[in-house]
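What the coordinates show
Each chain is listed here by its residues.
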Amino acid sequence: MRKDHRPYYLKRLDAKFQKWYARRYLAPQFESFGKGSVFMKPWHVEVFGGPVFLGDYATVIATADRKVRFTVWPAWMGKGKIQIGNYCLICPGTRIMSATSIVMGEGCMTAQNVSIADADWHDIYDRSMPVGKTREVIIGNNVWLGDSVIVGKGVTIGDNAVIGAGSVVVKDIPANAIAAGNPATVVKYLDSDIPLRTRKDWLADPVKLARDFELIDRAMMKDNTLLGWLRSLLFPRRGD
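Residues numbered from 1 in each chain as written. Predicted model: local features only at pLDDT ≥ 70, side-chain atom pairs only at ≥ 80, totals over all residues. Heavy atoms only, no water.

So, the pattern of salt bridges
For the structure on display, the rule yields 10 salt bridges. The shortest N-O distance in the salt bridge between Glu106 and Lys200 comes to 3.7 Å. Here Lys200 lies in helix H2 (residues 199-202) and Glu106 lies in the loop between strand E10 (102-104) and strand E11 (109-110), a separation of 94 residues in the sequence. For Glu106, a relative accessible area of 26% corresponds to the partly exposed category. When its relative accessible area of 41% is taken as the criterion, Lys200 is described as partly exposed. Among the ionic contacts, a cluster of salt bridges with common partners joins Asp4, Arg6 and Asp14. (Salt bridge = Lys/Arg side-chain N within 4 Å of Asp/Glu carboxyl O. Helix = DSSP H or I, 4+ residues; strand = E, 2+ residues; numbered from the N terminus. Buried < 20%, exposed > 50% of the residue type's maximum accessible area, 1.4 Å probe, protein only.)

Have a look at this one:
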């Protein structure tokens, strides 16, 4: 479909249902569940073990073919946690798996299919061991992890860093660096003369932002009708 053919009120009902679903079925699985969080297709988000902490105004997007998974091995010597800061964006296919500790700062963004793990998940020599070696992962504020990035155990990524698509991060990446490759290495640094606008800045006034989106949706969907939406589903035609 090229456009959303639903009447505006149906889109609003769908958004309210997804918010209710996240609060009813997902929130109890988190150690903390931040205010203002938005889940898209929350029934495709899986939480195993804990504790998992989710900050305020997070956006988590999942799809049927790319579920979002937060996994903590709770029985492994009482260790393991996932902590996601305020204003983060988690995109479809993201997997975060902890046996020790994974901490993500404010305003971080994971593109599709990002994988973050603080363990090998098997010992190199004794492969019957369920976890293997583990080391804490620390991801700073405003870090952007590109499509299909893999972050391995013991890594620290500094504030504002950008990790290019398909990179495998096995060593620390400094703040303000742009890194890429397998293994990921620094390509260049952000230009300090150019201001950096973060997700925290963008979400500074969530009420105004919600009103702005509402106005845009109303304008774009003002001519949509229930019959037109049903027709687009049952009898799609060129341009739909």
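From this point, the discussion proceeds with the structure in view.
Structural notes on the sheet that holds strand E8 (residues 89-90)
Ordered by their spatial adjacency, eight strands build an open sheet running E2-E5-E8-E11-E14-E17-E19-E20, and the pairing between neighbours is mixed. The sheet terminates laterally at strand E2 (38-40) and strand E20 (185-189), the two strands that pair on one side only. Relative to strand E19 (residues 177-180), strand E17 (residues 162-163) runs parallel, the two being bridged by two bridges. Its bridge partner being in E19, Val162 is matched across the sheet by Ile178. (Pairing = 2+ DSSP bridges.)

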